[in-house]
Amino acid sequence: MGEPTLHDVANRAGVSIKTVSNVLRGVSSKASAATAARIYAAIEELNYRPNLAARRLRTGHSDVIALAVPDLRNPYFAELSASMIKAARDAGYTLLIEETGGDADIELSAAEGLHDPMIEGVILSPLAIDPAKLAARTRRLPLVLLGERDYPSQGDDHVLFDNVEASYRITEHLLQQGYRRIAVIGRQDDPPHATAVKRLNGYQAALRKAGIRYQKQLAPTVPGAPYGKAMGAAAAHKLFDLPKRPDAVYCFADVLALGTLRAAHESGLSAPDDFGLAGFDGIDEGRFSVPSLTTIAVDFADLANLAVTALVERMRSKKSIPDRELHCRYELIIGESSKPRP
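Residue indices follow the written sequence of each chain, beginning from 1 at its first position. For this predicted model, a pLDDT threshold of at least 70 governs which residues receive local features, and a threshold of 80 or more governs which side-chain atom pairs are given and counted, while totals over whole chains, interfaces and linings are taken from all residues. Derived side-chain values reflect all non-hydrogen atoms in the structure, with water molecules and hydrogen atoms excluded from consideration.

Quick notes on the nonpolar core
Nonpolar side chains in soluble globular proteins tend to end up buried together. The test is simple: The set of buried Ala, Val, Leu, Ile, Met, Phe, Trp, Tyr and Cys residues whose side-chain atoms join them within 4.5 Å is what this entry labels a nonpolar core. Per-residue accessibility, obtained with a 1.4 Å probe over protein chains only, is compared with the maximum for each type, and a residue is labelled buried under 20%, exposed over 50%, and partly exposed between these values. We count a stretch as a helix when DSSP gives it H or I for four or more residues in a row; a strand needs E for two or more, and each element gets its number in order from the N terminus. In this analysis, two residues are considered to be in contact whenever any of their non-hydrogen atoms come within 4.5 Å of each other.
Ranked by internal contacts, the top residues of the largest apolar core, which has 77 residues, are Met84, Leu146 and Tyr250. For this core, the element with the most residues is helix α13 (residues 300-316), which contributes 9 residues. Beyond its immediate chain neighbours, meaning those up to four positions away, Leu146 contacts Leu67, Leu80, Met84, Ile123, Leu124, Ser125, Pro126, Val159, Leu303 and Ala307.

As for the sheet that holds strand β3 (residues 119-124)
Rule in force here: A strand pair is defined by DSSP finding two or more bridges across the two strands. The axes are straight lines fitted to the C-alpha atoms, using for helices just the contacting stretch, and the angles between their N-to-C directions are given from 0 to 180°.
Within the open sheet, the 6 strands sit side by side as β2-β1-β3-β4-β5-β10. Their pairing is parallel. Looking at the sheet topology across the chains shown, the edges are occupied by β2 (94-99) and β10 (324-327). Going from strand to strand, the sheet's axes swing by 25° on average, the running direction of each strand aside. Most of the contacts of helix α5 (residues 75-90) go to strand β1 (residues 64-69), to which it runs at about 170°, and overall it touches β1, β2, β3 and β4 (143-146).

Some remarks on the sheet that holds strand β7 (residues 248-251)
The strand order β6-β7-β8 describes an open sheet built from 3 strands, whose pairing is parallel. Strands with a single pairing partner mark the edges of an open sheet, and in this sheet they are β6 (182-185) and β8 (276-278). Geometrically, the sheet is characterised by an average inter-axis angle of 15° between neighbouring strands, direction not taken into account. Judged from the 4 bridges that link them, β6 and β7 form a sheet pairing that is parallel. Bridging across to β7, Val184 finds its partner in Tyr250. The sheet contacts of helix α8 (residues 163-176) involve β6, β7 and β8, and relative to β7 the element is tilted by about 165°. Across the sheet, helix α10 (residues 229-240) lies against β6 and β7, angled at about 150° from β6, the strand it touches most.

Quick word on the pairing of β1
In plain terms, the rule: With strands facing away from the observer, any crossover in which the path from the first strand over the helix to the second runs clockwise is taken as right-handed.
Summarising burial for β1: 6 of the 6 residues are buried, a large majority. Along β1, one buried face is formed by Val64, Ala66 and Ala68 and the opposite face, lined by Ile65, Leu67 and Val69, is buried too. Pairing between β1 and β2: 6 bridges, direction parallel. What sits directly across from Val64, in β2, is Thr94. For the crossover that starts at β1, traverses α5 and ends in the parallel β2, the hand is right-handed. Across 5 bridges, the pairing between β1 and β3 is parallel. Each bridged residue has a counterpart across the sheet, and for Val64 the counterpart in β3 is Ile119.

A closer look at the environment of Arg213
In this fold, Arg213 is placed in the loop between α9 (194-209) and α10. On the accessibility criterion, Arg213 (63% relative accessible area) is exposed. Residues Arg213 and Arg181, 32 residues apart in the sequence, show an inter-C-alpha distance of 9.5 Å.

Some thoughts on the pattern of salt bridges
Using the following cut-off: By definition here, a salt bridge exists when the distance from a side-chain nitrogen of Lys or Arg to a carboxyl oxygen of Asp or Glu is within 4 Å.
The full count for this structure, using the stated rule, is 17 salt bridges. Here Arg316 and Asp63 are joined by a salt bridge, their closest N and O atoms 3.2 Å apart. With Arg316 in helix α13 and Asp63 in the loop between α4 (52-59) and β1, this residue pair connects regions lying 253 residues apart in the sequence. Relative accessible area serves as the criterion here: at 27%, Arg316 is assigned to the partly exposed category. On the accessibility criterion, Asp63 (13% relative accessible area) is buried. For Glu313, the salt bridge identified is with Arg324, shortest N-O distance 2.7 Å.

A closer look at the pairing of strand β9 (residues 295-298)
Every second residue of β9 is oriented toward a common face, with Thr295 and Ala297 on one face and Ile296 and Val298 on the other, all of them buried. As paired elements, β9 and strand β11 (residues 330-333) share 4 bridges and run antiparallel to each other. In the sheet register, Ile296 faces β11, and the bridge partner there is Leu332.

Side note on the side chain of Asp254
To be explicit about the condition: His is not counted here, nor are the chain ends, while Lys and Arg score as positive and Asp and Glu score as negative. In protein, a polar contact means a hydrogen-donor-capable atom and an acceptor-capable atom, both N or O and within 3.5 Å, with residues adjacent in sequence counting only if both atoms are side-chain atoms; elsewhere, any N or O pair within 3.5 Å suffices.
Mapped onto the elements, Asp254 comes out in helix α11 (residues 254-266). Although Asp254 is buried, it forms no salt bridge, and the closest oppositely charged side chain is Arg199 at an N-O distance of 8.3 Å. At 3.0 Å, the side chain of Asp254 and the backbone nitrogen of Ile283 are in polar contact.

A closer look at the packing of aromatic side chains
The geometry of an aromatic ring pair is captured by the separation of the ring centres together with the interplanar angle, meaning the angle of the planes. Put simply, the rule is: Stacked, edge-to-face and tilted are the three classes for Phe, Tyr and Trp ring pairs, Trp counted by its six-membered ring, which pair at centre distances within 6.5 Å; planes under 30 degrees apart are stacked, over 60 edge-to-face, the rest tilted.
What the rule picks out here adds up to 8 aromatic pairs. Relative to Phe275, the ring of Phe240 lies with its centre 5.2 Å away and its plane at 55°, an arrangement referred to as tilted. With Phe240 in helix α10 and Phe275 in the loop between α11 and β8, this pair connects stretches of sequence that are 35 residues apart. With respect to class, Phe240 is no different from Phe275; both count as buried. Three or more aromatic residues joined by ring pairs form one cluster here, namely Tyr203, Tyr214, Tyr250 and Phe252.

Keep in mind these numbers describe shape, not what the thing actually does.
Here's what the structure looks like:
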């Protein structure tokens with residue numbers, strides 16, 4: 001017996017092939033919720049999978065897009081990917097996910113569609129790719145970049161938020177809580193990623209406004225992106241071993257803050273009793289850590305919807321669209337980790 005077809009699904013559900021096609025593509029139709037439920041039940045019973053190649057031959061579109069992120073083990077990218085899957089599904093698209101590991105060649109391959117003719121557009125979170133190579137890519141698929149805009153204008157969209165402002169706000173919060181010797185974890189030197197630079201700038205600006213001198217010894221470098229818990233723990237140990245410890249630690253990612261909590265435990269310290277702590281990203285894990293993290297929470301759903309909508313517009317537009325900067329929402333979440341300093 002061959003693979004089940006759209007015709008088989010229609011027969012099992014007792015509807016027309018057109019009704020099945022409309023429900024699967026999310027096209028507005030007269031199909032009731034009960035009819036749609038029967039169709040999805042028939043799909044599960046038959047283990048039907050759409051023939052994307054046939055769809056492309058028939059319509060000229062595969063309705064497949066790709067998302068490339070550095071590290072799926074990182075909770076930030078895991079939560080981002082989940083939001084992207086939902087946004088793509090709501091828009092009627094299948095989303096393929098590639099993990100790049102921050103490798104420049106893999107990022108370039110992803111930007112070119114992973115050598116897969118079915119992929120019509122790409123959403124990329126770049127870390128290492130050279131901007132000149134990205135601009136000169138051979139297969140110029142519609143592309144949306146996530147993160148700070150350190151790439152030249154080339155007819156692509158960027159989805160981001162103001163990292164300087166957000167970093168300023170969270171540093172300002174620590175200052176308002178009475179902390180003065182505020183260390184930072186996430187500075188990079190070789191080479192610094194644009195996001196790390198922006199967050200360092202925001203931190204320094206808040207210190208300047210408070211009349212506090214920036215001290216490089218309170219900003220140990222980390223090896224590079226993507227950030228991880230082990231990085232945070234290693235940097236935190238350096239800070240806790242200083243002759244005069246910081247009274248607060250601001251981490252450029254929640255995973256760095258979680259690593260800092262581990263280092264504090266190993267050093268006989270705890271937050272917020274011995275030092276204040278803040279992170280960045282707003283991952284779910286930070287809500288359930290002890291203490292819960294003060295953080296900048298990125299609106300993953302807003303980010304994903306902006307990225308998918310922009311990509312679909314580029315894929316389906318019959319005219320050229322100039323490159324755009326799209327800003328997603330974020331908010332400062334006050335957790336238990338930054339209670340007022342005694």
